[in-house]
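Each chain, letter by letter, is given below.
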Amino acid sequence: MGSKLLIDGNSLNLNSVWNVAFENQKVELDESALVKVLESRTYLENRMNKGEVMYGVNTGFGHFSDIKISQDQLVELQKNLIRSHCCGIGKPFIKYQSRAVMLLRANALARGHSGIRPLVIQKILEFLNNDLIPVIPEQGSVGASGDLAPLSHLALALIGEGEVWNGDGTQILQAEDELKLRGIEPLVLQAKEGLSLINGCQVMTAVGLLELKKIENLLLTADIAGSLTLEALRGSRKAFDPLIPATRNHPGEASTASNMRKLLGATSKIAASHEMCNRVQDAYSLRCIPAVHGAAKDTFKRAVEVLETEANSSTDNPLVFAAENKILSCGNFHGEPVAFQLDFLAIAISAMTSMSECRVEKLINPAMSGLPAFLAPDGGLNSGMMIVQVACASLVSENKILSHPASVDSIPTSADKEDHVSMGTIAARKLKQVVENSTLVLSMELLCALQGLDLLDNVEPEGELKKVYDFVRKEVSFAAKDRVFAKDIQKIKTMVETFQIRHSVSPLQT
């Protein structure tokens, strides 16, 4: 990325987070945000100098909030907080996820409600711009008071005591050694700054936002896969007539029906070859594509709205309002707004790809498809797509388990002071696995749909579907006999997750 991203606490969106995470775009603190942060810090220091007792500034934390800390121990207090809260466990987040977390934390602090020095934000950005990315364990957060444990590992690297990734994110290095090697000074925390680095939902939000970009791709890929299957099954186009969604007024249903019409065209030789059949209606997994895919699109749009709002929110505690002469203890660090959306997304994507598996089953079932059993040209000697469907079913069932909402769970922590938590980071991690599984399911449907199209008598796909067909067939040929289909699935999966399937056709609507 050529130009720098200016952060001001208000302007991050899905695409800008993706660009910083994956494209290594450089980031800089906007001048207007710098002014607000300075005002907030000056106000906080003035109240400290008057000897006021303020939570997290000159008191202990959580259950120890009633214990006042002396002025000469405030730096040690912040350092101890970070060290003690570094209880993250399990495998680490992938490097690109940690990049997104850093961006979101810097942006939240840039809003000027945390009372920290601008240097804290600038240090995060210095690390980010130099690709000095902290190693952050995935497990250990309950989603309130924000993502305490994982964000503490971010902060630990900033003060030169944690771990960072090497260039390609395959090796873990000691932050102290890397800082010396690159001539970068570690951050020396001052009053409240350790607390401000770890209070917030930036881990769950960052993971969720990056998955949203992948989900947007899956939503359109699902329409493409569904269209190919409908054509292979010689289904009816009538269910996608624009008159139908106009009677229900869900935006996602209308956009999905429009996508299906664009992909399928008004008619085709395949459709014409089946016009005289006795089938009155197609199965739900074909006829209800606009309703189900559309509902997933509407869920996606709401999640984008909520997570982008969260990315531009102040989630510290206490919050500093210099202009209003207030420092307020609050619960803005609670992850429930994000957790609800992540759980709903997992449900929506699981349901959408459950329908995809239904279509795969129709393709391999000769009673439903009129095609050779299991799409095998020489059945018996060849098993065809028999176990492709079995593997597909296993992923769909796994998604059902992963779709149990994390946000309905809670457990008291911190001596019952933090007695209700969101489990939002668990929701984010589950969603990532649902997206991974769903990418594979759609890849399997694409594999089977193309095989089905090749088994039709003397007809080929046309228009937009021919574009997809030709694109995939360059890498994955028709299976005239059995082979290792896992390799085919992986090839198509790569095409899906690099957006190539989606971009092989004219633009579609989410």
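Residues numbered from 1 in each chain as written. Predicted model: local features only at pLDDT ≥ 70, side-chain atom pairs only at ≥ 80, totals over all residues. Heavy atoms only, no water.

Peer 1: A description of the packing of helix α9 (residues 202-232) against helix α11 (residues 251-264) should follow, citing residues and the corresponding values.
Peer 2: Relative orientation of the contacting elements α9 and α11 amounts to 50°, with a least axis distance of 10 Å. One way to sum up the angle between α9 and α11 is to call them oblique. As for how α9 packs across α11, the hand of that crossing is right-handed. Contacts from L220, D223, I224, G226, S227, L230 and E231 in α9 reach T256, N259, M260, L263 and L264 in α11. Of the residues that constitute the contact of α9 with α11, the class distribution is six nonpolar, four polar and two charged. (Axes fitted to C-alpha atoms, helices over the stretch in contact; angles between N-to-C directions. Helix = DSSP H or I, 4+ residues; strand = E, 2+ residues; numbered from the N terminus. Parallel < 35°, antiparallel > 145°, perpendicular 65-115°, else oblique. Left-handed = near helix turned anticlockwise from the far one by under 90°. Contact = heavy atoms within 4.5 Å. Nonpolar A, V, L, I, M, F, W, Y, C, P; charged D, E, K, R; others polar.)

Peer 1: Explain the side chain of S350 to me, and be specific about the residues and the numbers.
Peer 2: Looking at the secondary structure, you find S350 in helix α15 (residues 336-364). S350 sits in the buried class, given a relative accessible area of 8%. (Buried < 20%, exposed > 50% of the residue type's maximum accessible area, 1.4 Å probe, protein only.)

Peer 1: Which residues make up the environment of K466, and what are the values?
Peer 2: Following the sequence through the fold, K466 ends up in helix α19 (residues 463-473). Residue K466 is classed as partly exposed on the basis of its relative accessible area, which comes to 24%. Residues K466 and K238, spaced 228 residues apart in sequence, show a C-alpha to C-alpha distance of 21 Å. The residues touching K466, leaving out its near neighbours within four places in the chain, are E460 and P461.

Peer 1: Tell me what's going on with the side chain of T299, and back it up with residues and numbers.
Peer 2: Here T299 is to be found in helix α14 (residues 289-311). Given a relative accessible area of 7%, T299 falls into the buried group. The residues touching T299, leaving out its near neighbours within four places in the chain, are F344, L345 and A348.

Peer 1: Can you tell me about the pattern of salt bridges, naming the residues and giving the values?
Peer 2: Taken as a whole and judged by the stated rule, the model has 25 salt bridges. Between R41 and E45 there is a salt bridge, with the nearest N and O atoms lying 3.1 Å from each other. Within this pair, R41 and its partner E45 are both found in helix α2 (residues 31-49), separated by four residues, close to a single helical turn. Among the residues examined, R41 registers a relative accessible area of 6% and is labelled buried. When its relative accessible area of 33% is taken as the criterion, E45 is described as partly exposed. For R359, the salt bridge identified is with E445, shortest N-O distance 2.6 Å. On the criterion of sequence distance, the pair formed by R359 in helix α15 and E445 in helix α18 (residues 424-454) is long-range, its members being 86 residues apart. What makes R359 buried here is its relative accessible area of 0%. E445 sits in the buried class, given a relative accessible area of 0%. Among the charged side chains, a salt-bridge network with shared partners connects K95, R99 and D131. (Salt bridge = Lys/Arg side-chain N within 4 Å of Asp/Glu carboxyl O.)

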